[in-house]
Amino acid sequence: MAEGPTAGSAYDAAALREKYLAERDKRLRRDGHSQYVDASGDFSDFVADPYVEPGFTRDALTEAVDVLVVGGGMGGLQTAAELRRRGIDDFRIVEQASDFGGTWYWNRYPGVRCDIESYIYMPLLEEVGTVPTERYSTGAEIFAHCQAIGRHFDLYDRALFQTRVEAMVWDAAADRWVVTTDRGDRIAARFVTVSQGPLAKVKLPGIPGIRDFQGRMFHSARWDYDFTGGDASGGLDKLADKRVGVIGTGATAVQIVPRVAEHAKALFVFQRTPSSIDVRANRPTDAAWLTGQPAGWQRRRMDNFLGIVSGKPVPEVLVDDRWGDLFLRFGELMHAAQASGEPVDPHAAMQQSDFEKMQAIRARVEEQIDDPDLAERLKPWYNFLCKRPLFSDEFLPAFNRPNVTLVDTDGRGVERITESGIVANGQEYPLDLIILATGFDVGAPPHKVGGYEVVGRDRQTLADRWDGDLRTLHGTQLSGFPNFHIVGGTQQGTTAFNFTHTLRMQAEHAAEIVAHCRDAGIAALEPTPDAERRWHDLLEEKHVDHEHFYEECTPGFLNNEGKFRDMPTFVGATYGGGPLEYERLLTAWRAADMQRDLVAPPAATEDSEPRRAAG
Ligand code: NDP
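Residues numbered from 1 in each chain as written. Predicted model: local features only at pLDDT ≥ 70, side-chain atom pairs only at ≥ 80, totals over all residues. Heavy atoms only, no water.

Looking at the overall build of the protein
- Looking only at helices and strands, one finds 21 helices and 22 strands in the protein.
- Over its C-alpha atoms the protein spans a radius of gyration of 25 Å, differing by no more than 12% from the 25 Å that the globule rule assigns to 615 residues.
- Viewed in the frame of its principal axes, the protein has a C-alpha envelope of about 70 × 65 × 55 Å.
- With 615 residues in all, the protein has 55% of them scored as buried.
- Put simply, 71% of the contacts in the protein that link residues at least 6 apart link residues at least 24 apart.
- In the form shown here, the protein has an accessible surface area of approximately 25,200 Å², with 49% of it arising from carbon and sulfur atoms.
- Positive and negative side-chain charges of the protein, numbering 68 and 93 respectively, have mean locations separated by a distance of 1 Å. (Helix = DSSP H or I, 4+ residues; strand = E, 2+ residues; numbered from the N terminus. Rg over C-alpha atoms; globule rule 2.2 N^0.38 Å. Buried < 20%, exposed > 50% of the residue type's maximum accessible area, 1.4 Å probe, protein only. Contact = heavy atoms within 4.5 Å. Areas by Shrake-Rupley, 256 points an atom, 1.4 Å probe, with all protein chains shown as cover. Lys, Arg positive; Asp, Glu negative; His and termini not counted. Charge placed at Lys NZ, Arg CZ, Asp CG, Glu CD.)

Set out below in structure tokens:
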């Protein structure tokens, strides 16, 4: 055993654990998630759309449709595609951006790429005929694919861009949702699906003085190329005489830093917690290989990846990247223990796999950073899945450049922003530009992301319904909210590293239920309270205890900034049987139990008349 926590691949487990807990304790803060500020009200300039000319107007619309799809990102696009496949063509898509793409519309920062293999991340490749040029696609290529989905399924005519939903009210007399927008539209929709995405709500750090800065400051999801020059591929030539500060070292910053480092006169990266940076190993696509794949290949590959990262045995490893090796190693350790006849402790096997993985990641920092003291400050000390794992071959080497400075705050974060720069560790760093790579409010429920009210049956709002009573069926439907579907529901639903896969499952699910209603001539359905109770019981039965794991983690959005037990979430947060089992369960439920669990809402009474439907 090694003496200290790190030494090559050998490690002292007790010392490592102690180090992890000490590093967590440094970062725990009383204000937890409330340290962040919403980009609304006085801060709404941070989320203005930089990619459109101001002043867009159009006539307000009054119409009735079968389905209103809220969101034109990966969730909304897949929902619309699934509706088209079932011959449901009478739908509208409402999207606040000026095009499809969702997160790929907004995030155009230099270096933006997807961390998940494009062959499984980019949905509908076979249908649309897109061949990603690289294993990990650029944001621009993914955005273009979203547009191609829009064209392929003929969705542009169905879309209302630059439009925000303001309210959704169930009209019980008409069995329709009355949806109003900031453009004065009034759409009576039989069904509503909401897909606003986990990365739609920009998060700003509540750093004292954030409004005092007199230079340029923007969030990474609203890049100002007029100020920096260049585009998402680089060429930021206007930074040549600028001192730039980046706050954050998460998935976004790791992609931005190498591009800015190439151009800025001086770059200061303000680090609160080092990230784990694994191998990227991007490569061009072998187009002949991809186009030669047998029909249905994408679905099989997506399932293969999910199987691997769920720790399930797979007959072969199709996606052999660094997301999976933690789980594959876990499988090896379990297999070896079983073969030796020793008692098998899956927690111990997982922890061993994790320690080994993080040792390798820390060793990589030493390999890539010239200055050993600097390398120490860039090493992450927590379990691999405590924070979103990152993959880059360029981020760490950027710190070897003479114009790049790591300002490590040893867990404290930036202290203050002044008129002229950032104060950290008691020192002021004068800057011309501050880039906030501080992330998104990942856990916010749909109505909070959209910032609108959803008023269901009996005038109950979604906010009230979920206040202390966090019930759903499958994380996608709720009693009291007929014909309302969440596509992207991970709380009480499922989650997968490959988020577009979760979206696909739930988009298919919603479209199947809409098609069922059409075929059976049913106007409205909602889950019974019994169905929700049964789902709750199953969540409890399948519950995997993550509390202990996340409480030992350094704070971040995955553990509610260190207050995991206070997370306003549901029992068993996600379905413990894993995403593949979840998908099978949805399919089986539609075949066998849907007619038991979904019922027509009670007949309208005067009391259930919508408050906002009139006028
Ligand atoms: P994150 O929430 O992951 O990171 C925010 C960063 O800001 C953290 O490093 C955080 O530090 C830091 N921070 C916050 N407040 C302060 C402060 N006061 N002082 C100093 N630092 C501070 O946001 P990202 O935008 O990087 O990523 C969000 C998500 O977006 C990812 O998890 C991923 O799901 C997605 N994404 C995906 C990509 C892909 O390739 N598929 C690419 C980019 C993003 P600390 O860690 O200490 O909290």
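Some thoughts on the site of the ligand
- For the ligand, the set of nearby residues contains 25 residues, the closest of which are R113, D115, T252, T273 and K387.
- Within the contact set of the ligand, an oxygen atom lies 3.5 Å away from a backbone nitrogen or oxygen of A437.
- Protein burial of the ligand: of its 920 Å² of free accessible surface, 90% is covered by the chains.
- A per-element tally of the shell around the ligand places helix 8 (residues 251-261) first, with three residues.
- In terms of residue class, the shell around the ligand is made up of eleven nonpolar, nine polar and five charged.
- Of the domains in this structure, domain 1 (13-41 + 202-280 + 350-382 + 391-436) and domain 2 (62-201 + 443-613) are the two that each give at least three residues to the shell around the ligand. (Near = heavy atom within 4 Å. Polar contact = N/O pair within 3.5 Å; in protein donor to acceptor, adjacent residues only side chain to side chain. Nonpolar A, V, L, I, M, F, W, Y, C, P; charged D, E, K, R; others polar. Domains from an automatic or database assignment.)

Quick look at the environment of P527
- Tracing the chain through its elements places P527 in strand 21 (residues 526-527).
- Separated by 330 residues in sequence, P527 and G197 have C-alpha atoms that sit 23 Å apart.
- Excluding its chain neighbours within four sequence positions, the residues that come into contact with P527 are L473, Q477, L478, S479, E532, D597 and L598.

Focus: the domain arrangement of the protein
- In terms of domains, the protein is made up of domain 1 (13-41 + 202-280 + 350-382 + 391-436) and domain 2 (62-201 + 443-613).
- The distance between the C-alpha centroids of domain 1 and domain 2 comes to 32 Å.
- Every contact between the two is made by 32 residues of domain 1 and, on the other side, 23 residues of domain 2.
- Taking both partners together, domain 1 and domain 2 bury about 2,400 Å²; carbon and sulfur atoms supply 51% of that area.
- The largest per-residue losses of area from domain 1 upon contact with domain 2 belong to R24, Q255 and R280, which jointly make up 25% of the total buried on that side. (Buried area = accessible area lost by both parts, 1.4 Å probe.)

With respect to the state of the cysteines
- This model, assessed by the stated rule, comprises one disulfide.
- Here C386 engages in a disulfide with C553; their sulfurs sit 2.0 Å apart. Across the disulfide from C386 to C553, rotation about the S-S bond amounts to roughly -70 degrees, and the bridge is consequently left-handed. With a gap of 167 residues between them, C386 in the loop between helix 13 (372-377) and strand 13 (390-391) and C553 in the loop between helix 19 (547-551) and helix 20 (579-592) connect regions that are remote in the sequence. Per residue, the accessibility class of C386 equals that of C553, and both read buried. (Disulfide = S-S within 2.5 Å.)

Focus on the side chain of R24
- Position of R24 among the secondary structure elements: in helix 1 (residues 13-27).
- We classify R24 as buried; its relative accessible area is 17%.
- Here R24 is in contact with E551, E552, C553, T554 and P555, once residues within four sequence places are set aside.

As for unusual backbone geometry
- At Q162, a position not held by glycine, the phi torsion is positive, near 50 degrees.
- Within the element layout of this structure, Q162 appears in the loop between strand 4 (159-160) and strand 5 (165-171).
- You can call Q162 buried: its relative accessible area is 16%.
- In the Ramachandran plot, N425 falls in the positive-phi region, its phi being about 50 degrees despite a non-glycine side chain.
- With a relative accessible area of 36%, N425 lands in the partly exposed category.

Some remarks on the packing of helix 17 (residues 499-520) against helix 20
- For the pair helix 17 and helix 20, the least separation of the axes is 11 Å and the interaxial angle reads 5 degrees. When the axis of helix 17 is compared with that of helix 20, the two are roughly parallel. Along its contact with helix 17, which presents H501, R504, M505, Q506, E508, H509, E512 and I513, the element helix 20 presents P579, Y582, E583, L586, W589 and R590.
- For the contact of helix 17 with helix 20, the class distribution of residues is six nonpolar, three polar and five charged. (Axes fitted to C-alpha atoms, helices over the stretch in contact; angles between N-to-C directions. Parallel < 35°, antiparallel > 145°, perpendicular 65-115°, else oblique.)

Focus: the sheet that holds strand 17 (residues 427-430)
- If you walk across this open sheet you meet the three strands as 15-16-17, and the pairing is antiparallel. Every interior strand has two partners, whereas the edge strands, strand 15 (416-417) and strand 17, have only one.
- One ladder, built from two bridges, connects strand 15 with strand 16 (residues 421-424); its direction is antiparallel. Of the residues in strand 16, the one forming a bridge with I417 is I422. (Pairing = 2+ DSSP bridges.)

Things to note about the packing of aromatic side chains
- Within the structure shown, the criterion is met by 27 aromatic pairs.
- A ring pair is formed by F100 and F161, whose centres lie 5.0 Å apart and whose planes are at 75 degrees; its orientation type is edge-to-face. Here the residue F100 occupies a position in the loop between strand 3 (91-94) and helix 3 (103-106), and F161 occupies one in the loop between strand 4 and strand 5, the gap between them amounting to 61 residues. Of the two residues examined, F100 and F161, each falls in the buried class. (Phe/Tyr/Trp six-rings, centres within 6.5 Å; stacked < 30°, edge-to-face > 60°.)

Structural notes on helix 2 (residues 74-85)
- With twelve residues, helix 2 should cover 16 Å at 1.5 Å per step; its first-to-last C-alpha distance of 16 Å lies within 8% of that length.
- Within helix 2, ten of the twelve residues are buried, which leaves it mostly tucked inside the rest of the structure. (Expected span 1.5 Å × (residues − 1).)

As for the nonpolar core
- Counting 119 residues, the largest nonpolar core has V260, L267, F399 and I435 as the members making the most contacts within it.
- Among the elements that take part in this core, helix 17 stands out by supplying ten residues, more than any other.
- Counting contributing residues, this core receives three or more from each of domain 1 (13-41 + 202-280 + 350-382 + 391-436) and domain 2 (62-201 + 443-613).
- What L267 contacts, discounting residues up to four positions off in sequence, is V244, V246, V257, V260, A261, N403, V404 and T405. (Core = buried A, V, L, I, M, F, W, Y, C linked by side-chain atoms within 4.5 Å.)

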